Amino acid sequence: MINYINRLVMNTTTETIVRAYTVKELAGLYGISEKTFKSWLQPHADVIGKKKGRYFNTLQVRIIFSKPGEP
């Protein structure tokens, strides 16, 4: 019974993995539209920096998670 409860508690805690994400993926994590997500990032654009290609790199994702908070 205790093992079952421990597994249940462990499964309910979620952590967002820091990896390269697209704008669409990040907006999905926050449960908002891409347009809203981009407006959230606008005040922090100088700190976050430009993404290369389609993805924000892991350092940029860490900064993004620290600004509005983790999804």
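The coordinates are above.
Residues numbered from 1 in each chain as written. Predicted model: local features only at pLDDT ≥ 70, side-chain atom pairs only at ≥ 80, totals over all residues. Heavy atoms only, no water.

Asker: What am I meant to see in the overall build of the chain here?
Answerer: In terms of regular secondary structure, the chain is built from five helices and zero strands. When the helices and strands of the chain are placed in sequence order, the string is α-α-α-α-α. Burial analysis of the chain (71 residues in total) assigns 23% to the buried set. Counted over contacts in the chain with a minimum sequence separation of 6, partners at least 24 positions apart contribute 56%. As displayed, the chain offers around 5,600 Å² of accessible surface, 56% of which is attributable to carbon and sulfur atoms. (Helix = DSSP H or I, 4+ residues; strand = E, 2+ residues; numbered from the N terminus. Buried < 20%, exposed > 50% of the residue type's maximum accessible area, 1.4 Å probe, protein only. Contact = heavy atoms within 4.5 Å. Areas by Shrake-Rupley, 256 points an atom, 1.4 Å probe, with all protein chains shown as cover.)

Asker: Just to check I follow, could you spell out the nonpolar core for this structure?
Answerer: Nonpolar side chains in soluble globular proteins tend to be buried together. By size, the foremost hydrophobic cluster in this structure holds 13 residues, and its most contacted members are L26, F37, L41, I48, F56, I64 and F65. Counting only elements with at least two residues in this core, the list comes to α2 (23-30), α3 (34-41) and α5 (58-66). Apart from residues lying up to four places away in sequence, I64 is in contact with L26, Y30, F37, L41, I48 and F56. (Core = buried A, V, L, I, M, F, W, Y, C linked by side-chain atoms within 4.5 Å.)

Asker: Please clarify how a positive patch on the surface should be interpreted in this entry.
Answerer: Judged by side-chain charge, K38, K50, K51 and R54 come together as a positively charged surface patch. Inspection of the secondary structure assignment puts K38 in helix α3. The class for K38 is partly exposed, based on a relative accessible area of 48%. (Patch = residues over 30% accessible without salt bridge, like charges linked within 9 Å, V, L, I, M, F, W, Y side chains within 5 Å. Salt bridge = Lys/Arg side-chain N within 4 Å of Asp/Glu carboxyl O. Lys, Arg positive; Asp, Glu negative; His and termini not counted. Charge placed at Lys NZ, Arg CZ, Asp CG, Glu CD.)

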